[in-house]
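Structural description and commentary
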Amino acid sequence: MSNQEIKPIDAEEIKEMLNRQKGKMKRYLSFCSHCSLCAESCFLYRAHNKDPQYMPSYKVIQSLGKLYKKRGKVDRRFLIEIKGIVWRNCVLCGRCYCPIGIHIPSMIAFTRGICRSQDVYPQPDEVSSESWL
Amino acid sequence: MGDLIDGQLVSIAFIIFVLGLLYQGSQFFKLTRKKEWILPPLPGMEKRVSKTVVQYIIAGLASLKGTLWKTDPLMMIVTSVFHVCLILVPIFLLGHNILLDQSWGLSLWSLHESFTDGLTIAVLICVAFFMMRRLFLARVRAITSFYDYFVLLIAAGPFLTGFLAYHQWFDYHIVMILHILAGELMLITIPFTKLGHMLFFFLYRFLIGSEYSFTRGSRTW
């Protein structure tokens, strides 16, 4: 059994991490006008038959957006859910483009950091329905 | 009641609008700092080659190829028209300038009334387009919540009620009060909701190191 299933979630630690970057991340999240114009700049979105779940804004709203909404009070299941979003659905190539100027990669990277702090990250022997690469 | 809405409340809305924007702007510069390193100039930026006007236009149009004007031209046209009209109409509207002249004794020049009426219709058509996008485009629907419709309504409110008031449809007095309230609501919400992209669209340019940046993106969070 990997340590991903053992360690309890430290909600306080997540909250502290979220608060440390609050000024930046909350402004990025709240001034996103949900226009979806970032979609075409993501090669994964284009490669997956324009599936909205690969859209950069969708990935950020569903991961970091929800973390801020829940104020860090999340369970392991939630973190494992967003693990797929921030590692499998995004390769952090940094090519996403926001017309307003929101830096999406920094938000994904930050969410990865939060997941990693709770020992949630892709494992080498992970069984996945599709390739992580 | 009417005096309160078109008197004190207008002043309060303007004060919240200006102070809110100043607060957000000062917070931005407080939270960001100058980078220790400055990005090297982009290739081709060092030497300026003199071009004719036609060459400038051709180069400008060619550079659009790599932008959203190529990937989503309809949305770009609609959003450009929308944002330009959104700023122009309230500032250069004859009725607003007359009110300004009556209360402060100063006014800007005004656009012809039938022209601003046309621009108002253009804004409302653009809002309808955004609404349709939210309803029928899967990728926009995926990130749309009730809040997005509400914000769209806040932006459309002053124009819809202004249009009704200008044409004197329904009870003029009630429509006018609704128009003033809608305008005040929009001013108050701009600094604190996603309408704040009015300010942050420009502030974020200080962070971006590319051809769309201010001061070559010399600031960082």
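What counts and how
Residues numbered from 1 in each chain as written. Chains lettered and ligands numbered in written order. Predicted model: local features only at pLDDT ≥ 70, side-chain atom pairs only at ≥ 80, totals over all residues. Helix = DSSP H or I, 4+ residues; strand = E, 2+ residues; numbered from the N terminus. Buried ≥ 20, exposed ≤ 12 C-beta atoms within 10 Å, placed from the backbone. Contact = placed C-beta atoms within 7 Å. Core = buried A, V, L, I, M, F, W, Y, C linked by C-beta atoms within 7 Å. Domains from an automatic or database assignment. Nonpolar A, V, L, I, M, F, W, Y, C, P; charged D, E, K, R; others polar. pLDDT = per-residue confidence, 0-100. Axes fitted to C-alpha atoms, helices over the stretch in contact; angles between N-to-C directions. Parallel < 35°, antiparallel > 145°, perpendicular 65-115°, else oblique. Left-handed = near helix turned anticlockwise from the far one by under 90°.

**Notes on the overall build of chain B**
Scanning chain B for helices and strands turns up 11 helices and 2 strands. Of the regular secondary structure in chain B, the N- to C-terminal order runs α-α-β-α-α-α-α-α-α-α-α-α-β. C-alpha extents for chain B along the principal axes are approximately 60 × 40 × 35 Å. Each of the 221 residues in chain B was classed as buried or not, and the buried ones make up 19%. For chain B, restricting intrachain contacts to residue pairs at least 6 apart in sequence, the fraction spanning at least 24 positions comes to 61%.

**Some details on the overall build of chain A**
When you go through chain A residue by residue, the secondary structure sums to 6 helices and 0 strands. Walking chain A from its N terminus toward its C terminus, one meets helices and strands in the order α-α-α-α-α-α. The buried share of chain A, taken over its 133 residues, is 36%. Taking the contacts inside chain A whose residues are at least 6 apart along the sequence as the reference set, 73% of them involve residues at least 24 apart.

**Considerations on the nonpolar core**
If you look at the biggest cluster of nonpolar residues, it comprises 42 residues, and the most contacted ones within it are A:Cys38, A:Cys42, A:Met55, A:Ile104 and A:Met107. Counting residues per element, the ones that place at least two in this core are helix H2 (22–30), helix H4 (56–69), helix H5 (76–88) and helix H6 (104–117) of chain A together with helix H11 (197–203) of chain B. Examining the composition of this core, we find that 6 residues originate from one element, H6(A), more than from any other. Both domains that meet at this core, namely domain 1 (72–189) and domain 2 (195–221) of chain B, each give it at least three residues. Non-local contacts of A:Met55, meaning those with residues more than four positions away in its chain, are made with A:Ser36, A:Cys38, A:Ala39, A:Cys42, A:Tyr45, B:Arg139 and B:Ala142. B:Val89, B:Leu93, B:Phe130 and B:Ala156 belong to the second-largest nonpolar core, a separate cluster that totals 10 residues.

**Description of unusual backbone geometry**
Residue and element names in this part refer to chain A. The backbone of Ser 36 sits at a positive phi, close to 70°, despite the residue not being glycine. Positionally, Ser 36 belongs in the loop between H2 and helix H3 (43–47). Residues other than glycine seldom take positive phi values, yet Lys 50 does so here, at roughly 55°. Structurally, Lys 50 is set in the loop between H3 and H4.

**Comments concerning the domain arrangement of chain B**
Annotation of chain B at the domain level lists domain 1 (72–189) and domain 2 (195–221). On a C-alpha basis, the centroid separation for the pair domain 1 of chain B and domain 2 of chain B is 26 Å.

**Quick word on the interface of chain A and chain B**
Tallying the contact residues gives 23 residues for chain A and 22 residues for chain B. Among the residues forming the side of chain A that touches chain B, the class breakdown is 11 nonpolar, 8 polar and 4 charged.

**A look at the confidence of the model for chain B**
When the pLDDT values of chain B are averaged, the result is 87; 92% of them are 70 or greater. The complex model carries a pTM of 0.86, and its ipTM stands at 0.85.

**Structural notes on the environment of A:Ile108**
Residue and element names in this part refer to chain A. By secondary structure assignment, the location of Ile 108 is in helix H6. Owing to 24 C-beta atoms within 10 Å, Ile 108 belongs among the buried residues under this scheme. When neighbours within four sequence positions are excluded, Ile 108 is seen to be in contact with Lys 59, Val 60, Val 86, Cys 90 and Leu 92.

**Considerations on the environment of B:Leu106**
Residues and elements named next belong to chain B. Considering the arrangement of structural elements, one finds Leu 106 in the loop between helix H6 (94–104) and helix H7 (113–136). With 8 C-beta atoms counted inside 10 Å, the residue Leu 106 sits in the exposed group. It is 42 Å that separates the C-alpha atoms of Leu 106 and Lys 51, two residues lying 55 residues apart in sequence. For Leu 106, the residues in contact, after removing those within four places along its chain, are Leu 100 and Asp 101.

**Thoughts on the packing of helix H2 (residues 8–31) of chain B against helix H10 (residues 172–189) of chain B**
Residue and element names in this part refer to chain B. Contact geometry of H2 with H10 gives a least axis separation of 8 Å together with a crossing angle of 20°. Considered as vectors, H2 and H10 are oriented roughly parallel to each other. The interaxial crossing formed by H2 with H10 has left-handed handedness. In contact with Leu 9, Val 10, Ala 13, Phe 14, Ile 16 and Phe 17 of H2, H10 contributes Ile 180, Glu 184, Leu 187 and Ile 188.

**Quick notes on the packing of helix H5 (residues 73–91) of chain B against H7(B)**
Residue and element names in this part refer to chain B. Following both chains from N to C, one finds H5 and H7 inclined at 135°, their axes separated by 9 Å at the closest point. Judged on the interaxial angle alone, H7 and H5 are oblique. Like other packed secondary-structure pairs, H5 and H7 cross with a definite hand, here left-handed. Listed contacts from H7 to Val 78, Val 81, Phe 82, Cys 85, Leu 86, Leu 88 and Val 89 of H5 are Thr 116, Leu 119, Thr 120, Ala 122, Val 123, Cys 126 and Phe 129. Residues that form the contact of H5 with H7 fall into these classes: 12 nonpolar, 2 polar and no charged.

**Some thoughts on the environment of A:Lys22**
With respect to the element layout, A:Lys22 can be found in helix H2. Counting along the chain gives 46 residues from A:Lys22 to A:Tyr68, while the straight-line C-alpha distance between them is 8.8 Å.

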